[in-house]
Amino acid sequence: MVNKHKQHDADTLDPRFSMEMEDLKRDVQAAQFQAWLRRHQQSLTVALVLILLAVTAGSLWMAHLRSQKEAAANLYYKASAQAETEKKQAILNEVTQRYGDTFYALLARQQLAALSDNPEPDLRALMTDDDAPRAFRWQARLDLAEYFISKGKLTEAKTLLRERTGKQYEQLRYYLLARTATGDERKDWLQKSLNAEINDEALKKRIEKELGGSGA
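This section reports on the structure supplied with the text. Predicted model, so just to flag it, every value in this text is computed and none were measured.

Attention now moves to the pattern of salt bridges. Summed over the entire model, instances satisfying the criterion amount to ten salt bridges. Salt-bridge contacts for Arg109 lead to Asp122; the nearest nitrogen and oxygen are separated by 3.2 Å. You can see Arg109 sitting in helix 5 (residues 103–115) and its partner Asp122 sitting in helix 6 (residues 120–127), a full 13 residues away along the chain. Here Arg109 falls in the partly exposed class, since its relative accessible area comes to 27%. Classification of Asp122 by relative accessible area gives buried; the value is 14%. Residue Arg186 pairs with Glu210 through a salt bridge whose shortest N-O separation is 2.9 Å. Here Arg186 is found in helix 10 (residues 183–195), whereas its partner Glu210 is found in helix 11 (residues 201–213), with 24 residues between them in sequence. Beyond isolated ion pairs, a larger network of salt bridges with shared partners links Arg164, Glu170 and Arg173.

With that out of the way, let us pick up the nonpolar core. Counting 44 residues, the largest nonpolar core has Tyr104 and Leu144 as the members making the most contacts within it. Top contributing element to this core by residue count: helix 7 (residues 134–150), with nine residues. For Tyr104, the residues in contact, after removing those within four places along its chain, are Lys69, Ala72, Ala73, Tyr76, Tyr77 and Val95.

Attention now moves to the packing of aromatic side chains. The tally for this structure, following the rule as stated, stands at seven aromatic pairs. Seen in terms of ring centroids, Tyr76 and Tyr77 are 5.6 Å apart; in terms of plane orientation they differ by 75°. Their pairing is edge-to-face. With a centroid separation of 5.8 Å and an interplanar angle of 20°, the aromatic rings of Tyr174 and Trp189 are classed as stacked. Within this pair, whereas Tyr174 is found in helix 9 (residues 167–179), its partner Trp189 is found in helix 10, the two being separated by 15 residues in sequence. Each member of the pair Tyr174 and Trp189 is classed as buried. Through pairs of rings, three or more aromatic residues link up here, namely Tyr76, Tyr77 and Tyr104.

Okay, the side chain of Thr165 next. Relative to the assigned elements, Thr165 resides in the loop between helix 8 (154–161) and helix 9. What makes Thr165 buried here is its relative accessible area of 10%. In this structure the side chain of Thr165 is engaged in a polar contact, spanning 2.7 Å, whose partner is the side chain of Glu170. Leaving out residues up to four positions away in the same chain, Thr165 has contacts with Trp138, Arg141, Glu170 and Arg173.

Criteria and cut-off values
- Residues numbered from 1 in each chain as written.
- Predicted model: local features only at pLDDT ≥ 70, side-chain atom pairs only at ≥ 80, totals over all residues.
- Heavy atoms only, no water.
- Salt bridge = Lys/Arg side-chain N within 4 Å of Asp/Glu carboxyl O.
- Helix = DSSP H or I, 4+ residues; strand = E, 2+ residues; numbered from the N terminus.
- Buried < 20%, exposed > 50% of the residue type's maximum accessible area, 1.4 Å probe, protein only.
- Core = buried A, V, L, I, M, F, W, Y, C linked by side-chain atoms within 4.5 Å.
- Contact = heavy atoms within 4.5 Å.
- Phe/Tyr/Trp six-rings, centres within 6.5 Å; stacked < 30°, edge-to-face > 60°.
- Polar contact = N/O pair within 3.5 Å; in protein donor to acceptor, adjacent residues only side chain to side chain.

Here's what the structure looks like:
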């Protein structure tokens, strides 16, 4: 019987009283939140300042990178337009020294190696640059091996060619290995080069000609 009376009292509760209770709850929660803000105001201010500094620093860094890239590109294309080899080399060296973190520094090293009588330093720099794309490192290794072959340094060339490259470079790698060998070993390397993924039709025809001439 008592429970029924309690239920009846709850059902007949004044709606205005319920609204006042809800308002009171909201006021208490707001007061608690304001008190929490006052207690942590200094920490929150420091955190906000740090966030703003990080955003600003990030924006400035991105702007700096864009500026570096544009400057490196302009200098690289200035070098490409030079007819005199010495002037071209001087500008390309400037690209590698001033903008070493850009993609144009990699392109500049490739150009310097192609223009130099001794490309080994530039090619080794490309080979050992962990930040350079693998394709650049593979090409540099093959170019250095070809340079060693032209100088009769076959042992050094074989050492470089022992390591596999990407499929698109295996045709050339096998062909260079053939140039370090003689007899049946040479023919085996030529055949492997012919069977590899073909990326250079002119090289393919040269291999076919050399295989034909060797009686294979």
